[in-house]
Amino acid sequence: MSARASRRVSWWGVVQGLLLLATLLWAGRALSAQWEALRLAATTLQIHWGWVMLASAIVLGTYAMLIGAWRLLLAGWGSDLRFLPAVRIWTIANLGRYLPGKVWSVGALGLLASREGVSGPAAAGAAILGTLLNIGAGFGVLALSGARVLGVFRPWLQSVALAVSVAFLVGTALLPTVLPLFLRRFAAWRGQPTITQQLPARTLWLATGINMLSWLCYGLAFAALARGVTPQVAAQPALFVVVWTASYLSGYLVLLVPGGIGVREVVMSGGLVALGLAHPADATLLALASRLWLTVWELLPGLLALGVSPETLRAVSRSATDLSR
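First, a word on scope: everything that follows refers to the structure included in this document. (Residues numbered from 1 in each chain as written. Predicted model: local features only at pLDDT ≥ 70, side-chain atom pairs only at ≥ 80, totals over all residues. Heavy atoms only, no water.)

Notes on the overall build of the protein
The helix and strand tally for the protein stands at 12 helices and 0 strands. Ordered by position from the N terminus, the helices and strands of the protein form the series α-α-α-α-α-α-α-α-α-α-α-α. Long-range contacts, defined here as pairs at least 24 residues apart, represent 75% of the contacts in the protein between residues at least 6 apart. Accessible area for the protein stands at about 16,600 Å²; split by element, carbon and sulfur atoms hold 69% of it. (Helix = DSSP H or I, 4+ residues; strand = E, 2+ residues; numbered from the N terminus. Contact = heavy atoms within 4.5 Å. Areas by Shrake-Rupley, 256 points an atom, 1.4 Å probe, with all protein chains shown as cover.)

What follows is the structure, given as structure tokens:
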């Protein structure tokens with residue numbers, strides 16, 4: 001690496017660090033404004049574990065759905081991956097969301113799948129496409145379910161949400177036609193071999209539908225968690241789908257913040273208050289409780305998978321070293 005390139009990488013690291021610090025300070029300031037009310041609310045906290053376990057079961061079931069959608073994409077490109085290895089790879093790659101940049105999960109998913117005999121282009125393509133489908137489905141669900149809600153804040157927001165809904169539905173219908181063109185252009189730009197086998201339209205639509213269903217399930221799990229942690233909060237499932245999807249997408253799209261920490265909580269607590277579902281203290285308490293709860297279920301399966309397969313840990317370490325160079 002040349003000295004100029006090295007300085008450019010160094011400066012970019014400084015910029016990333018400053019942006020990350022600024023984002024965390026902003027989120028911390030927003031949350032600390034409710035600290036006293038939050039402290040008082042926490043003293044009366046009584047956890048109803050039945051609801052918490054139901055929420056956890058829904059999340060684990062949602063993970064199984066997303067893994068199934070990823071396997072569908074792999075199979076559509078002619079690569080078969082058994083369910084248990086897919087679970088191990090997906091849960092380990094999921095650990096990468098707690099590293100800055102959000103690309104680690106996608107990179108690890110493709111790399112680990114290729115080590116199981118899946119073709120390299122199919123592994124990378126399915127990892128990238130699965131992520132894009134999930135984000136697109138999230139915006140589609142948010143627009144479809146939240147159009148009427150957004151109109152309460154600003155009338156024009158309802159029109160925007162309806163336009164996004166139509167664009168999402170049309171885009172999903174055209175995906176089998178548009179995707180091959182995009183993949184060929186992307187492969188040519190990257191100087192990589194093109195995947196010659198096209199994904200069947202049924203596979204694309206089914207994977208999109210599964211990703212949409214996953215956002216609905218996450219929202220229902222969030223509503224169940226609210227019943228278990230803050231039963232005084234008005235747990236209206238449809239509105240909880242809107243709040244959860246908006247907060248999760250906000251945290252995900254802020255690339256420099258690992259796991260969307262801080263950003264997701266601010267958007268979530270603000271959404272709960274704005275929709276009249278909770279008072280500020282209860283909303284902040286629920287947002288922080290959801291962070292702790294989901295972090296456990298994002299990290300625990302991957303850590304268990306690493307413990308079962310230590311050679312995978314070495315492969316992930318090598319890939320992380322290569323990506324950081």
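Brief notes about the packing of helix H8 (residues 201–229) against helix H9 (residues 237–253)
It is the contact of H8 with H9, at a shortest axis distance of 8 Å, that shows an interaxial angle of 110°. Overall, the two elements H8 and H9 adopt an arrangement that is roughly perpendicular. Residues Trp215, Leu216, Tyr218, Gly219, Leu220, Phe222, Ala223 and Ala226 of H8 form the contact with H9, whose own contacting residues are Pro237, Phe240, Val241, Val243, Trp244, Thr245, Tyr248 and Leu249. Residue classes in the contact of H8 with H9 are distributed as 14 nonpolar, 2 polar and no charged. (Axes fitted to C-alpha atoms, helices over the stretch in contact; angles between N-to-C directions. Parallel < 35°, antiparallel > 145°, perpendicular 65-115°, else oblique. Nonpolar A, V, L, I, M, F, W, Y, C, P; charged D, E, K, R; others polar.)

Quick notes on the pattern of salt bridges
Scanning all chains against the criterion turns up 2 salt bridges. Residue Arg88 pairs with Glu116 through a salt bridge whose shortest N-O separation is 2.4 Å. In this pair, Arg88 is assigned in helix H4 (residues 83–94) and Glu116 in the loop between helix H5 (103–114) and helix H6 (120–153), connecting sequence segments 28 residues apart. Classification of Glu116 by relative accessible area gives partly exposed; the value is 35%. With a shortest N-O distance of 2.7 Å, Arg291 and Glu265 are connected by a salt bridge. You can see Arg291 sitting in helix H11 (residues 280–308) and its partner Glu265 sitting in helix H10 (residues 263–274), a full 26 residues away along the chain. Side by side, Arg291 and Glu265 carry an identical accessibility label, which is buried. (Salt bridge = Lys/Arg side-chain N within 4 Å of Asp/Glu carboxyl O. Buried < 20%, exposed > 50% of the residue type's maximum accessible area, 1.4 Å probe, protein only.)

Some points on the nonpolar core
Formed by 68 residues in total, the largest nonpolar core has its most connected members in Trp70, Leu129, Phe222, Phe240, Trp244, Leu272 and Trp293. Looking at this core, the element that brings in the most residues is H8, giving 12 residues. Those residues in contact with Trp244 that lie beyond four places of it in its chain are Trp215, Tyr218, Gly219, Phe222, Met268, Ser290, Trp293 and Leu294. (Core = buried A, V, L, I, M, F, W, Y, C linked by side-chain atoms within 4.5 Å.)

Some details on the packing of aromatic side chains
Each aromatic ring pair is specified by the distance between its two centres and by the angle formed by the two planes. Scanning the model with the defined rule gives 8 aromatic pairs in all. Relative to Phe240, the ring of Phe222 lies with its centre 5.0 Å away and its plane at 55°, an arrangement referred to as tilted. With Phe222 in helix H8 and Phe240 in helix H9, this residue pair connects regions lying 18 residues apart in the sequence. Across the pair, Phe240 and Phe222 agree in class, each one buried. (Phe/Tyr/Trp six-rings, centres within 6.5 Å; stacked < 30°, edge-to-face > 60°.)

Description of empty space enclosed by the protein
The final tally for this structure, using the stated rule, is 2 cavities of 30 Å³ or more. Elements that contribute at least two residues to the lining of the largest cavity include exactly helix H3 (49–76), H4, H5, H6, H8 and H9. Class assignment of the residues belonging to the lining of the largest cavity gives a composition of 17 nonpolar, 7 polar and 2 charged. (1 Å grid on protein atoms, 1.4 Å probe; cavity = no way out; pocket = protein on both sides within 12 Å on 5 of 7 lines; lining within 4 Å. Points joined across faces, edges and corners; volume = space filled by probe spheres on them.)

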